[in-house]
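Letter by letter, the chains look like this.
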Amino acid sequence: MSFVDVAIPGILGLVLLIWPQSMFLGARVTPDAKKIRLLRGGGAVLLLVAIVYLTIKLVGA
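Residues numbered from 1 in each chain as written. Predicted model: local features only at pLDDT ≥ 70, side-chain atom pairs only at ≥ 80, totals over all residues. Heavy atoms only, no water.

Student: Can you help me understand the overall build of the protein chain in this one?
Tutor: Across its full length, the protein chain carries two helices and zero strands. Relative to its length of 61 residues, the protein chain is extended, with a C-alpha radius of gyration of 14 Å against a globular reference of 10 Å. Structurally, the protein chain occupies a C-alpha span of about 45 × 20 × 15 Å along its principal axes. Taking as baseline every contact in the protein chain between residues at least 6 positions apart, the subset at least 24 positions apart corresponds to 62%. About 4,400 Å² of surface is accessible on the protein chain, with carbon and sulfur atoms providing 73% of the total. (Helix = DSSP H or I, 4+ residues; strand = E, 2+ residues; numbered from the N terminus. Rg over C-alpha atoms; globule rule 2.2 N^0.38 Å. Contact = heavy atoms within 4.5 Å. Areas by Shrake-Rupley, 256 points an atom, 1.4 Å probe, with all protein chains shown as cover.)

Take a look at the structure:
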């Protein structure tokens, strides 16, 4: 596992938490509140995954 494996879910999770409307750019669908909440929840999960990956990488297991 490399740091790239940690960075991919980390960056995507940050984008989903900070700017979830970016997933709807160029789409005809308008984001409603439920979709935004789901995307932010997914971003939080991806950040947790990145933290777990980083912990595993730094511990050296």
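Still to come is the rest of the account.
Student: Just to check I follow, could you spell out the packing of aromatic side chains for this structure?
Tutor: For any pair of aromatic rings, geometry is given as the distance between the ring centres together with the angle between the planes. On inspection of all chains with the given rule, the structure shows zero aromatic pairs. In this structure, Lys57 is placed above the aromatic ring of Phe3, and the distance from its NZ or CZ to the ring centre is 5.1 Å. (Phe/Tyr/Trp six-rings, centres within 6.5 Å; stacked < 30°, edge-to-face > 60°. Lys NZ or Arg CZ within 6 Å of the ring centre and 35° of its normal.)

Student: I tried to follow the environment of Leu39 on my own but got confused; where do I start?
Tutor: Inspection of the secondary structure puts Leu39 in helix 2 (residues 33–59). Assessed through its relative accessible area of 22%, Leu39 is described here as partly exposed. On a C-alpha basis, the gap between Leu39 and Tyr53 in space is 21 Å, while along the polypeptide they are 14 residues apart. Residue contacts for Leu39: discarding those within four places in its chain leaves Leu16, Pro20, Met23 and Phe24. (Buried < 20%, exposed > 50% of the residue type's maximum accessible area, 1.4 Å probe, protein only.)

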